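Residue-level structure breakdown
Read off the chains here:
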Amino acid sequence: MNIAFPAFFLLALVLTGFIFLNAFERRENTNLEKIPFSSASARALVSSGIIHLILLSIVHQFILPVDFSVSIKLITGAKLTDSDISGLQVDVVNIVFYFLSTYIVAYILGKFLQIAVLKFSPYKSSKFAFDTPWYYELKGKLSEEADAEIIKISCLVNSGECAYLYYGYLQDFYLDDSGQLDRLVLSDVYRRNIQDDEDLPIGKIAGDQQDQRFYQIKGDRLVLKYDKVVNLNIEYLYMYETPFEEGKTEEV
Amino acid sequence: MKALMGKIAKEVRQDSKGREELRAFITESNKDSATITLKNGKKYIVSRHKPKTREVAA
């Protein structure tokens, strides 16, 4: 028990940083920042250090004096005296309450910072943008000028001996652990066999003839695995109200 | 994750007539824009290009 307690205490301290980072980098069950574990651990250590420094200062100054010597003994694994142990026993509720409070504060702080980053640095090209390009591409946050309303997806999917072109509006997308696209969810989907294009004479792909090549897929959502997609075309569509209604003239 | 879906796009897709017209626009790759009319008569233009802002004449 004596050997394990410093490790447990350190874990409780560092957990604050991991909670903070998880709240900051996770959105809609997806990690926005893709960094190696070693780097994430270093960031968690620094974050927990800063959070504890701030919170301990507040607690020590305004709520309850903190015996830092016991904390240092716990971290370094130095032997505790009887008075140290009896002091810890008296304050065990306060210590538990402190750690629970830091976890809650770390979570709120992480979410608050995430909201601030997405609000004040919202585009892919922004200085503090997260390192997840697909997030910005498929959320339509490329630049201040691009304020599209919906994304039309056209993609070529190999299915056995045939290659199909799928057209539809992007509804949802899922990223894998490395930040790459995993699945696309489309709605209002049409499919056409690319072989049909070869059978048509050049210059005849127009009007009704073009429509006949499309097969409407019945259903609300079509899920496509990204590893089956050969080509992906992303088209941002803009929508706006008609400038003038019929029968009305512009007033000057 | 939810993909891009603006306020107008949501409104159009929630309207049965609007959704049908928007659906038809998918296959019309030769068209740059189309007018979509909702059941309540409201009209929107769906375009592949960002609309140019109207310049004020001096």
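The model shown is predicted, which means the values in this text are computed figures rather than measured ones.

**Some details on the environment of Y107(A)**
All names here are of chain A.
- Topologically, Y107 is positioned in helix α5 (residues 92-120).
- Y107 sits in the partly exposed class, given a relative accessible area of 43%.
- Separated by 91 residues in the primary sequence, Y107 and T16 have C-alpha atoms spaced 8.4 Å apart.
- When neighbours within four sequence positions are excluded, Y107 is seen to be in contact with I19 and A23.

**What to know about the pattern of salt bridges**
All names here are of chain A.
- One pass over the full model with this rule turns up 17 salt bridges over all chains.
- Note that E25 is salt-bridged to R43, the shortest N-O span being 3.4 Å. Remark: R43 occurs in helix α2 (residues 37-63) and E25 occurs in helix α1 (residues 4-25); sequence separation between them is 18 residues.
- Overall, E25 belongs to the buried group, its relative accessible area being 8%.
- As a salt-bridge pair, E235 and K152 come within 3.8 Å of each other at their nearest N and O atoms.

**Observations concerning the confidence of the model for chain A**
- Summing up the model confidence of chain A, the mean pLDDT is 84 and the portion of residues at 70 or higher is 89%.
- At the low end of the mean pLDDT range in chain A sits helix α8 (residues 207-212) of chain A, at 56; at the high end sits α5(A), at 94.

**Some remarks on the packing of helix α1 (residues 7-14) of chain B against helix α2 (residues 16-27) of chain B**
Residue and element names in this part refer to chain B.
- Between α1 and α2, the least distance of the axes is 5 Å, while the angle of their chain directions is 105°. Overall, the two elements α1 and α2 adopt an arrangement that is roughly perpendicular. Counting all contacts with α1, which are made through V12, R13 and Q14, the residues of α2 involved are S16, G18, R19 and L22.
- Its residues assigned to classes, the contact of α1 with α2 shows 2 nonpolar, 3 polar and 2 charged.

The rules behind these values
- Residues numbered from 1 in each chain as written.
- Chains lettered and ligands numbered in written order.
- Predicted model: local features only at pLDDT ≥ 70, side-chain atom pairs only at ≥ 80, totals over all residues.
- Heavy atoms only, no water.
- Helix = DSSP H or I, 4+ residues; strand = E, 2+ residues; numbered from the N terminus.
- Buried < 20%, exposed > 50% of the residue type's maximum accessible area, 1.4 Å probe, protein only.
- Contact = heavy atoms within 4.5 Å.
- Salt bridge = Lys/Arg side-chain N within 4 Å of Asp/Glu carboxyl O.
- pLDDT = per-residue confidence, 0-100.
- Axes fitted to C-alpha atoms, helices over the stretch in contact; angles between N-to-C directions.
- Parallel < 35°, antiparallel > 145°, perpendicular 65-115°, else oblique.
- Nonpolar A, V, L, I, M, F, W, Y, C, P; charged D, E, K, R; others polar.

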